[in-house]
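Below are the chains, spelled out letter by letter.
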Amino acid sequence: MKAIIIGAGIGGMSTALALGRCGYDAEVYEAVKEIKPVGAAISVWPNGVKCLNYLGLRDAVKALGGNMAWMAYRDFVSGNDMTRFSMAPLVSRVGESPYPVARAELQQLLIDSYPAEKIHFGKRVCRVVQDAEGVSVWFDDNSHARGDFLIAADGTHSVVREYVREIPTERRYAGYVNWNGLVTIDESIAPADQWTTYVGEGKRVSLMPVSGNRFYFFFDVPLPKGLPEDRSTVKEDLKGYFRGWAEPVQRLIDTIDPQTTNRVEIHDIEPFMEFVKGRVALLGDAAHSTTPDIGQGGCAAMEDAVVLASVLASHSLGIEDSLLRYQQRRNERVKDLILKARKRCDVTHAKDPQVTAAWYQALTREDGVNVLAGMCETIEGGPLG
Ligand code: FAD
């Protein structure tokens, strides 16, 4: 059985590895000649880590991950902790640690773990056709490939999605801009073993440790879409948006390198239920795009890969039935993640300022129990428990 996988991102490469483990011959076709990930880093929560463990990458992921032993929210003006608590109860309840990792390193790990001759770069899919025996796909260099089935992990701007859904899909602007990058750890900005988030005015500044003595940082600001801002103005822009914020935030802005700081207008996609058309299935952001507010988009793509492999592993159902079973096992889960992230997004970014003010108040009374319970529920909803 030959699988065609479109896209060599987190979703596509996890799928290739997962299908390879259960005996499928999977070839990956990636549009770009060299992968340049959109963000600097991602937090892989324990549900995602369990998927990477399943793919045989346990030690490698641990080596890339930062030590996020503590979590704290800080007041935006004073810089004082509003709450600070250990992540140990989460780790002991769900049985695995979260690992913030540099995105390029995770991406490289996934690619290096799969046979190089089975990953084809510079192959942008433009047409998909299927018949009773298989799927044919054409690329923009006029080459083509054929397989028994096709998994489209071609990201949030997926072209295969319209083929599957038979209607165009709009992305929804979530109302805020995110800047992200990596800096050397500076403990005058935040402790090296803590996920620290400064909050106020519906904005946030967050720092997570990754390996190699680095912080993954991000800034969120509610803003209209399409402002004429780019890397050339990043420091002035951030200085303006965070005027009056605590000294460590100012120091962070002074420290960042504009050339490696990404600016992303955050979007999601209204959840939909159709991931499959015959022998073609959507996976990862192509099937479900979420805001990053609960850090679950990439984790969900890995979960998709594990579930897809598990339904195809027995080889007892036909391809089309297996793909439908994959759809059935995934669409409610990912709808839940998208809506949870959207809710968190709205509270964090002051869609209703009164609700956000109440959240800031609640943080000053938080001992970690409520925050960790919410995270555990999300994590335990994954396919590996
Ligand atoms: P992508 O990573 O987008 O990969 C798609 C691939 O398909 C790309 O390589 C692309 O070049 C290729 N492609 C596109 N079109 C074609 C075509 N026509 N033909 C062939 N190839 C094609 N997730 C988390 O789990 N934790 C986090 O902390 C987190 N933080 C985030 C922060 C930000 C700012 C953002 C924007 C996202 C974050 N995410 C996070 C979400 C995560 O990045 C995505 O969910 C994840 O990258 C999706 O992987 P994917 O493989 O489905 O898509």
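The protein chain carries the name FAD-dependent urate hydroxylase in an unreviewed UniProt entry, which gives Tatumella ptyseos ATCC 33301 as its organism. Recorded in UniProt for the protein chain, the comment headed Cofactor (unreviewed entry) runs: "FAD". For the record of the protein chain, the UniProt heading Pathway (unreviewed entry) holds the text "Purine metabolism; urate degradation."

Engineer: Can you walk me through the overall build of the protein chain in this structure?
Structural biologist: In terms of helices and strands, the protein chain carries twelve helices and 18 strands. Rg of the C-alpha trace for the protein chain: 21 Å, near the compact-globule value of 21 Å for 385 residues, within the 12% margin. C-alpha extents for the protein chain along the principal axes are approximately 65 × 45 × 40 Å. Counting over 385 residues, the protein chain shows a buried share of 56%.

Engineer: Got a minute to help me understand the sheet that holds strand β8 (residues 125-130) in this structure?
Structural biologist: Across a sheet, strands are paired by hydrogen bonds formed along the backbone, either parallel or antiparallel in direction. Strand order in the open sheet formed by three strands is β8-β9-β10, and the pairing between neighbours is antiparallel. Only two strands of the sheet have a single neighbouring strand rather than two, namely β8 and β10 (144-147). Ignoring strand direction, the axes of neighbouring strands in this sheet form an average angle of 20°. Two elements, strand β9 (residues 135-139) and β10, share four bridges in a ladder whose sense is antiparallel. When the bridges of β10 are listed, V135 appears paired with G147.

Engineer: Which parts of the structure should I look at to understand the site of the ligand?
Structural biologist: Every one of the 31 residues lining the ligand counts as a neighbour, but G11, E30, S43, R103 and D285 are closest to it. Here I10 contributes a backbone N or O atom positioned 3.3 Å from an oxygen atom of the ligand. Within the backbone of V125, one N or O atom sits 2.9 Å away from a nitrogen atom of the ligand. In isolation the ligand offers 1000 Å² of accessible surface; the protein chains occlude 85% of this area.

Engineer: Teacher, can you tell me more about the side chain of Q296 here?
Structural biologist: Tracing the chain through its elements places Q296 in the loop between β18 (280-282) and α9 (297-313). Reaching out from Q296, the side chain makes a polar contact with the side chain of N47 at a distance of 2.8 Å. Apart from the residues within four sequence positions on either side, Q296 is in contact with W45, N47, L337 and T378.

Engineer: I'm lost on the layout of surface pockets in this one. Help?
Structural biologist: Any empty space left between the atoms is revealed when a probe the size of a water molecule rolls over them. Empty space within the second largest pocket amounts to approximately 210 Å³. Mapped by element, the contributors of at least two residues to the lining of the second largest pocket are α5 (103-112) and β12 (172-184).

Engineer: What exactly am I supposed to notice about the packing of helix α10 (residues 319-348) against helix α11 (residues 353-365) here?
Structural biologist: The description of two helices packed together rests on the angle between their axes and the distance between the axes. Look at α10 against α11: their axes get within 8 Å of each other, and the N-to-C directions meet at 90°. Put simply, α10 runs roughly perpendicular to α11. Along its contact with α10, which presents R344, D346, V347 and T348, the element α11 presents V355, T356, W359 and Y360. Taken together, the residues that form the contact of α10 with α11 break down as four nonpolar, two polar and two charged.

Engineer: Help me understand the pairing of strand β2 (residues 25-29) in this model?
Structural biologist: Walk down a regular strand and you will see the side chains alternate between the two sheet faces. In terms of residue burial, β2 counts as a mostly covered element, since four of its five residues are buried. For strand β1 (residues 2-6) and β2, the ladder comprises five bridges, and the chain directions are parallel. Each bridged residue has a counterpart across the sheet, and for A3 the counterpart in β2 is A26. Handedness of the crossover joining β1 and β2 through helix α1 (residues 10-21): right-handed.

Engineer: I tried to follow the side chain of S43 on my own but got confused; where do I start?
Structural biologist: Within the secondary structure, S43 sits in strand β3 (residues 41-44). Since its relative accessible area comes to 11%, S43 is described here as buried. Within the structure, the side chain of S43 is placed 3.1 Å from the side chain of W45, a separation counted as a polar contact.

Engineer: For this particular structure, what's the right way to read the packing of α1 against α9?
Structural biologist: Two elements in contact, α1 and α9, have axes separated by 8 Å at closest approach and are oriented at 25°. The orientation of α1 with respect to α9, classified from their angle, is roughly parallel. As for the relative orientation of α1 and α9, their crossing is right-handed in sense. Taken together, the residues of α9 that come into contact with α1 (itself represented by I10, G11, S14, T15, A18 and L19) are G298, A301, M302, A305, L308, A309 and L312. Taken together, the residues of the contact of α1 with α9 sort by class into nine nonpolar, four polar and no charged.

Rules and cut-offs
- Residues numbered from 1 in each chain as written.
- Predicted model: local features only at pLDDT ≥ 70, side-chain atom pairs only at ≥ 80, totals over all residues.
- Heavy atoms only, no water.
- UniProt positions renumbered as here; feature names shortened; annotations may be inferred.
- Helix = DSSP H or I, 4+ residues; strand = E, 2+ residues; numbered from the N terminus.
- Rg over C-alpha atoms; globule rule 2.2 N^0.38 Å.
- Buried < 20%, exposed > 50% of the residue type's maximum accessible area, 1.4 Å probe, protein only.
- Pairing = 2+ DSSP bridges.
- Axes fitted to C-alpha atoms, helices over the stretch in contact; angles between N-to-C directions.
- Near = heavy atom within 4 Å.
- Polar contact = N/O pair within 3.5 Å; in protein donor to acceptor, adjacent residues only side chain to side chain.
- Areas by Shrake-Rupley, 256 points an atom, 1.4 Å probe, with all protein chains shown as cover.
- Contact = heavy atoms within 4.5 Å.
- 1 Å grid on protein atoms, 1.4 Å probe; cavity = no way out; pocket = protein on both sides within 12 Å on 5 of 7 lines; lining within 4 Å.
- Points joined across faces, edges and corners; volume = space filled by probe spheres on them.
- Parallel < 35°, antiparallel > 145°, perpendicular 65-115°, else oblique.
- Nonpolar A, V, L, I, M, F, W, Y, C, P; charged D, E, K, R; others polar.
- Right-handed = clockwise from strand over helix to strand, strands pointing away.
- Left-handed = near helix turned anticlockwise from the far one by under 90°.

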